[in-house]
Amino acid sequence: SRPEDLGECVGRALYRRISWPYDAPVSKMFLLDGHSLAYRAFYALPTDLATAEGTVTNAVYGFTSMLIKMLADEEPDGIVVAFDTPKPTFRDEMDADYKAQRESAPDLFVHQLPLIREVLDALRIPVLEVEGVEADDVIATLATQGAAAGDDVVIVTGDRDIYQLVDDPHVKVLYNRRGVSDYVLYDHDRLPGRRRPPGPDRRLARPAAGYGATTAL
């Protein structure tokens with residue numbers, strides 16, 4: 001369903017549900033852009049990292065190493081990982097040329113995504129995939145709802161477009177500059193150039209109006 005066709009109350013219910021593995025009230029929520037971080041890991045490590053059967057696992061290894069280190073260093077109260085889905089989104093419906101120039105992801109990368117999801121399942125970390133909505137729009141929704149609830153939200157990504165979501169004092173971006181361990185935390189004062197993107201833009205992430213919790217989890 002298109003995000004504008006769905007109730008905001010469902011989005012609020014989903015925000016409460018994603019913290020279910022953690023007993024303590026959420027005060028610091030980490031929102032991870034799964035595709036962005038996995039893609040960075042894929043290109044940071046050699047493709048000769050593989051199982052005995054020959055399955056390439058460089059993205060899996062890099063993503064998992066980053067995740068474990070982040071959990072140990074930051075100790076978030078809650079965490080969720082958002083992924084894009086292969087189906088068209090509402091942005092594609094708005095503009096047929098949207099992402100037309102973007103190259104397809106390598107097969108060696110795509111084949112590792114199910115393995116990354118297995119890692120997240122084993123760690124009991126919720127994964128969100130919403131048909132018709134990009135991962136950064138899901139993250140924008142949860143960040144907005146978290147800030148409104150008074151929670152501190154840290155968005156972990158390698159996508160500079162997410163800078164626009166920085167909103168003092170509650171929403172910050174932990175940006176992956178390179179590799180799997182080089183990160184910098186941005187609040188509004190530390191943003192490069194200390195400026196936000198000007199005006200509306202078709203690429204900018206925006207909060208969705210809500211979406212179905214039963215299909216997202």
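Conventions used here
- Residues numbered from 1 in each chain as written.
- Predicted model: local features only at pLDDT ≥ 70, side-chain atom pairs only at ≥ 80, totals over all residues.
- Heavy atoms only, no water.
- Axes fitted to C-alpha atoms, helices over the stretch in contact; angles between N-to-C directions.
- Helix = DSSP H or I, 4+ residues; strand = E, 2+ residues; numbered from the N terminus.
- Left-handed = near helix turned anticlockwise from the far one by under 90°.
- Contact = heavy atoms within 4.5 Å.
- Nonpolar A, V, L, I, M, F, W, Y, C, P; charged D, E, K, R; others polar.
- Parallel < 35°, antiparallel > 145°, perpendicular 65-115°, else oblique.
- 1 Å grid on protein atoms, 1.4 Å probe; cavity = no way out; pocket = protein on both sides within 12 Å on 5 of 7 lines; lining within 4 Å.
- Points joined across faces, edges and corners; volume = space filled by probe spheres on them.
- Phe/Tyr/Trp six-rings, centres within 6.5 Å; stacked < 30°, edge-to-face > 60°.
- Buried < 20%, exposed > 50% of the residue type's maximum accessible area, 1.4 Å probe, protein only.

Moving on to the packing of helix α2 (residues 34–44) against helix α3 (residues 58–74). Two measures define how a pair of helices packs: the angle their axes make with one another and the distance between the axes. Two elements in contact, α2 and α3, have axes separated by 7 Å at closest approach and are oriented at 115°. Two packed elements cross with a definite hand, and for α2 against α3 that hand is right-handed. Counted together, Gly34, Leu37, Ala38, Ala41 and Phe42 of α2 and Asn58, Ala59, Gly62, Phe63 and Met66 of α3 form the full contact between these two elements. A breakdown of the residues in the contact of α2 with α3 according to their chemical character gives seven nonpolar, three polar and no charged.

Two elements in contact, α3 and helix α6 (residues 113–122), have axes separated by 9 Å at closest approach and are oriented at 30°. On the basis of the axis angle, α3 is roughly parallel to α6. Two packed elements cross with a definite hand, and for α3 against α6 that hand is right-handed. Where α3 abuts α6, its residues Ala59, Val60, Phe63, Thr64 and Leu67 lie against Leu115, Ile116, Val119 and Leu120. Looking at the contact of α3 with α6, its residues break down into eight nonpolar, one polar and no charged.

So, about empty space enclosed by the protein. Enumeration over the complete set of coordinates arrives at one cavity of 30 Å³ or more. Here the largest cavity defines a volume of roughly 40 Å³. In terms of lining residues, the largest cavity is bounded by Leu37, Arg40, Ala41, Gly62, Phe63, Met66, Asn176, Gly179, Val180 and Tyr183. Of all elements in the fold, only α2 and α3 reach the threshold of two or more residues within the lining of the largest cavity. Across the lining of the largest cavity, the residue classes break down as six nonpolar, three polar and one charged.

Tallied over the entire structure, the rule returns seven aromatic pairs. Centroid distance Tyr163 to Tyr186: 5.3 Å. Interplanar angle 80°. Geometry classified as edge-to-face. On the criterion of sequence distance, the pair formed by Tyr163 in the loop between β4 (152–157) and β5 (171–178) and Tyr186 in strand β6 (residues 182–186) is long-range, its members being 23 residues apart. Neither residue differs from the other here; Tyr163 and Tyr186 are each classed as buried. Ring pairing ties together the aromatic residues Tyr39, Phe42, Tyr43 and Phe109, which thus form one cluster.

None of this, on its own, says anything about what the molecule does.
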